[in-house]
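Summary of structural features
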Amino acid sequence: MKLRANLIIGGALFALAILVGLLAPWLAHTDPVMDANLLNAEEPPSWTWWFGTDDQGRDIYSRVVYGARVSLTVGIVSQLINSVIGVALGLSAGYWGGWWDDVVNGLTNVMLAIPSLIFALAIMAVLGPGLTSLLIALGLTNWSFTCRIARASALSLRSQGYVQAATVLGYGDLRIMTTQLLPNMLGPIVVIGTLGMGSAVLSEAALSFLGLGVRPPFPSWGSMLSDARDQITTAPWLSVFPGLAIFLTVLGLNLLGDGLRDILDPQSRSRRT
Amino acid sequence: MTGAPLIEVEDLRIDLDDGSRRVAAVEGISFRIDRGETFGLVGESGCGKSITALALIGLLRQPLSIGGGAIRFEGREIQQLSAGRQRELRGNRIAMIFQEPMTALNPVSPVGRQIAEMFVLHKGKSWREANQLAVEALASVRVPAPERRVKDYPHQLSGGMRQRVMIAIALACGPDLLIADEPTTALDVTVQAEIIELMRNLCAERGTAILMISHDLGLVANVCRRVAVMYAGRIVEERGSADIFRAPSHPYTQGLVASLPRLGSRAALGRTRLKEIAGVVPAITNFPHGCRFNPRCAHATDICRTTVPGTDVLEAGGLVRCHHHA
Ligand SMILES: Nc1ncnc2c1ncn2[C@@H]1O[C@H](COP(=O)(O)OP(=O)(O)OP(=O)(O)O)[C@@H](O)[C@H]1O
Ligand code: SF4
Ligand SMILES: [Mg+2]
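Because the structure is a prediction, the values reported are computed rather than measured.

Here's the deal with the overall build of chain A
Across its full length, chain A holds 12 helices and zero strands. Helices and strands in chain A line up, N terminus first, as α-α-α-α-α-α-α-α-α-α-α-α. By principal-axis analysis of the C-alpha atoms, chain A measures approximately 75 × 45 × 30 Å. For chain A, the proportion of its 273 residues judged to be buried stands at 49%.

Things to note about the environment of B:Ala134
On the secondary structure map, B:Ala134 appears in helix α4 (residues 127–140). With 18 residues separating them in the primary sequence, B:Ala134 and B:Ala116 have C-alpha atoms 5.1 Å apart.

Comments concerning helix α9 (residues 173–209) of chain A
Residue and element names in this part refer to chain A. The end-to-end C-alpha distance of α9, which contains 37 residues, comes to just 45 Å, noticeably less than the 54 Å that a straight helix rising 1.5 Å per residue would cover. Along α9, the largest kink reaches about 55 degrees and is centred on Leu186; proline Pro188 follows within four residues of it. Remark: Gly211 follows α9 within two positions and exhibits a positive phi of approximately 85 degrees.

Side note on the sheet that holds strand β1 (residues 7–17) of chain B
Residues and elements named next belong to chain B. Sheet architecture is open: four strands sit in the order β2-β1-β4-β5, paired in antiparallel fashion. Strand pairing shows two members of the sheet lacking a second neighbour, β2 (22–33) and β5 (76–77), which therefore form its edges. Direction of pairing for strand β4 (residues 64–73) relative to β5: antiparallel, over a ladder of two bridges. Bridged to Arg72 within β5 is Glu77. Sitting on the sheet, helix α1 (residues 49–56) is in contact with β1, β2 and β4, with an inclination near 115 degrees to β1.

Looking at the interface of chain B and chain A
Taken together, the contact pairs 20 residues of chain B with 15 residues of chain A. Interface area, chain B with chain A, both sides summed: about 1600 Å², of which 63% is carbon and sulfur. In this structure, the connection of chain B to chain A is made through one salt bridge. Ionic pairing is found between B:Glu117 and A:Arg175, a salt bridge with its closest N-O pair at 2.6 Å.

Rules used in this analysis
- Residues numbered from 1 in each chain as written.
- Chains lettered and ligands numbered in written order.
- Predicted model: local features only at pLDDT ≥ 70, side-chain atom pairs only at ≥ 80, totals over all residues.
- Heavy atoms only, no water.
- Helix = DSSP H or I, 4+ residues; strand = E, 2+ residues; numbered from the N terminus.
- Buried < 20%, exposed > 50% of the residue type's maximum accessible area, 1.4 Å probe, protein only.
- Expected span 1.5 Å × (residues − 1).
- Bend = angle between axes of the 7 residues up to and from the residue.
- Pairing = 2+ DSSP bridges.
- Contact = heavy atoms within 4.5 Å.
- Axes fitted to C-alpha atoms, helices over the stretch in contact; angles between N-to-C directions.
- Buried area = accessible area lost by both parts, 1.4 Å probe.
- Salt bridge = Lys/Arg side-chain N within 4 Å of Asp/Glu carboxyl O.

Set out below in structure tokens:
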């Protein structure tokens, strides 16, 4: 099997981001919050300060490294919530049909009609800023695509011989959904999930930029960008490095999603075998 | 054990609701199968064999529904059972092998797991025990090296092997009745014979009754002790397998028997064309009045076009539904 470049590069970028987040205490040079020192405020990048320092003299490199934790936690956890909601609703709607299908369809259409970031903003406004609110807001607002795909897959899989065979063999609905339908639709769900993680990382940045994200002084890439707003001309390194971190992570997730689509797509899979 | 037959179908009607009206897809279906017995249901495509089988296991879904009559399993009416009780029967007491063996296995699950699932589902076994039983089940359908084969995915197996796996799954819980709906149509002739032989032997060993469904009278009569011939939603003749070849009574059955190649006959050697029954099977919404075979029947008279023939008991044993039967 030929591994595609987008899969390798995307996977490597995503793995790098995860490693950085996991190993932050060892990779960081200083404590991202406590080690403020006005004596070396707004130093440009150098051998001592790889990514420079901010107006309180905190090491940007260390803050970017720690920031990976927030961005990835939000990206991964909120997308997992979205995937679980989307699959549960879409799968059951496609399999059962009837009034439940109508309800889920209506709900999905509403979700698709409201831009998810606006919806998340509204939820954040109610819950207040913070990591938990971020996870809830982003986890509840981006499941409609997963739901659509799960529903469409369930509809087409429902008439497959092995699903009917399972009914004949006395499988209950739940068992059919988990053993016959879910494993056979996992490919597209994983692809959408990967791409969704990328957009969740971006949404986190956007919400934090608006001051609704993780509470300062703990760093997230979005809140660092937000803090750097006023110094973008005088100290551009304050925005460049967190921006680059967001860019590379999202790029990696998108490439990974594309690469996974190439190998998980049933059509390209049947071409291989 | 009671004296009741294993399964008894009485005057069953299945309605097809096409949105505007109900038509009977099958009607007046009656038969019984005793424990360990082999019974065949034969008829042309679309005559209602599969939906009759689905009715037996309580799986008719819209637009099809039971419109009348009764189905009794060990004396208890299936329609009276709750959905949960019906589900407990399926796969456990009544199992079914499918028309398309190629697609009846889950492509992303190892075959051993699919067999084991039956023990977990119906017998409350742990996965560890169930996996062990799955190996034994694969061995019983004569799959070589079953300890290794349980880990295979369906696409790694040939059509014949897959059908053996299907049989292993169906017989896993030791059902009392095995319904085999065209179990071998997708297989080539030699494999077909092997599979049929295997199924017959296993069921005979375990005392499992067989309801075999096919359009192939020769195949069914070979496996089953008794055969019912269906035409356009009704059973037209029910006989012992030997009798139906020796002296078919209904004109449609006579046509079927005449169209079978006989061993060593000119037709079997491909020198003459087989005698076919002229005409086409009527559409479900457009069944003729009276006897539904009358447009194609050489013996048809006026009464055939107006009055539905009743079921007559033959002196030689068996039932036939024809005004002028032999
Ligand atoms: N889900 C359904 N919706 C509408 N009509 C149906 C449905 N299932 C079966 N029918 C109709 O009921 C009749 C009997 O179908 P059935 O599948 O029992 O035929 P069969 O005897 O098994 O034929 P075959 O040999 O082709 O399998 C057919 O005319 C068919 O068109
Ligand atoms: S009832 Fe009449 S039409 Fe029908 S099979 Fe008998 S002879 Fe033929
Ligand atoms: Mg059929």
